[in-house]
Amino acid sequence: MSILSGSTALRPDLDWSQLKETVLMLNLAVAQIDGSMSEGNSSIETLSASFTGLATNLSDIQSSILQMKDKDDGDDVGKLKLIIEGSTTTALDKVHSAIIAFQFYDKLTQRLDHVSQSLGALTTLITDPAALYSPVEWRALQESIRSKYTMKEERNMFDKVIAGMPIEEALADFKKALLDKVNCEEDEIELF
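Residues numbered from 1 in each chain as written. Predicted model: local features only at pLDDT ≥ 70, side-chain atom pairs only at ≥ 80, totals over all residues. Heavy atoms only, no water.

## What about the packing of aromatic side chains?
Piece 1. Under the counting rule described, the total for this entry stands at 1 aromatic pair.
Piece 2. With centroids separated by 5.8 Å and ring planes inclined at 65 degrees, the aromatic side chains of Tyr149 and Phe158 adopt a geometry described as edge-to-face. (Phe/Tyr/Trp six-rings, centres within 6.5 Å; stacked < 30°, edge-to-face > 60°.)

## Quick look at the packing of helix H5 (residues 152-163) against helix H6 (residues 167-184)
Piece 1. Running from amino to carboxyl end, H5 crosses H6 at an angle of 165 degrees, the nearest separation of the two axes being 9 Å. Compared by their axis directions, H5 and H6 come out roughly antiparallel. Helix-helix and strand crossings are classified by hand; for H5 and H6 the assignment is right-handed. Contacts from Glu153, Glu154, Met157, Lys160 and Val161 of H5 reach H6 at Ile167, Ala170, Leu171, Asp173, Phe174, Ala177, Leu178 and Lys181.
Piece 2. Partitioning the contact of H5 with H6 into residue classes produces 8 nonpolar, no polar and 5 charged. (Axes fitted to C-alpha atoms, helices over the stretch in contact; angles between N-to-C directions. Helix = DSSP H or I, 4+ residues; strand = E, 2+ residues; numbered from the N terminus. Parallel < 35°, antiparallel > 145°, perpendicular 65-115°, else oblique. Left-handed = near helix turned anticlockwise from the far one by under 90°. Contact = heavy atoms within 4.5 Å. Nonpolar A, V, L, I, M, F, W, Y, C, P; charged D, E, K, R; others polar.)

The following block contains the structure:
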C-alpha cells in the first residue's frame, strides 16, 4: 500500500492544499462510480437472462397445459404433469434470480445517489470562500461522506484513498474484498 505522506485535512500543515483534497475526493467519487457500475452490469445481465429463461419456461407451461387439455390419456397426463412441475420449478428459480438482481440494482442506484450527494456537497464547499481554505471544513465533508457508506468495504476504500493510496490500487482492493465477501456468503441475500 503506497500512502502519500504530507499534509492532509486530518493533519494540516503549511503545505496543506485544497486542490489536493479536491483531487482525492474526486478520485474517490470515480472509484465509487466505477465499482457500482461493474456490479450493475452484472446484475442487469442476470436480469436479462433470468427473464428470457422465465419467458421460455412459461411458454413451455402454456404449451403443456394446451396438450393436457387435448389428451386425456392417463399416462400422458402424468408425463405432462412432470413437465409442468419441472418448468414451474425452473420458472420460480429464474424469478428468484431476477429478484436478487433487482435488489443489487437497487443497491447500485442507492450508491450512485450517495456519490451524487457527495459531489453536491463538494461543490458547495468549493463555492464557499470561507470553507474552501478550511481544513476543518474539508475534514467535516470527508466524515459526512464516509458516514453514508453502508458497507465496510466502501469505508475501507474511502480510508485508503484519503490516506493517499493510488485510486487504481484502492479500487482493486475494493473489488477483491467484495469478491471475497460474495464467496464467503454465497447464499445470503442482503435486504435493504
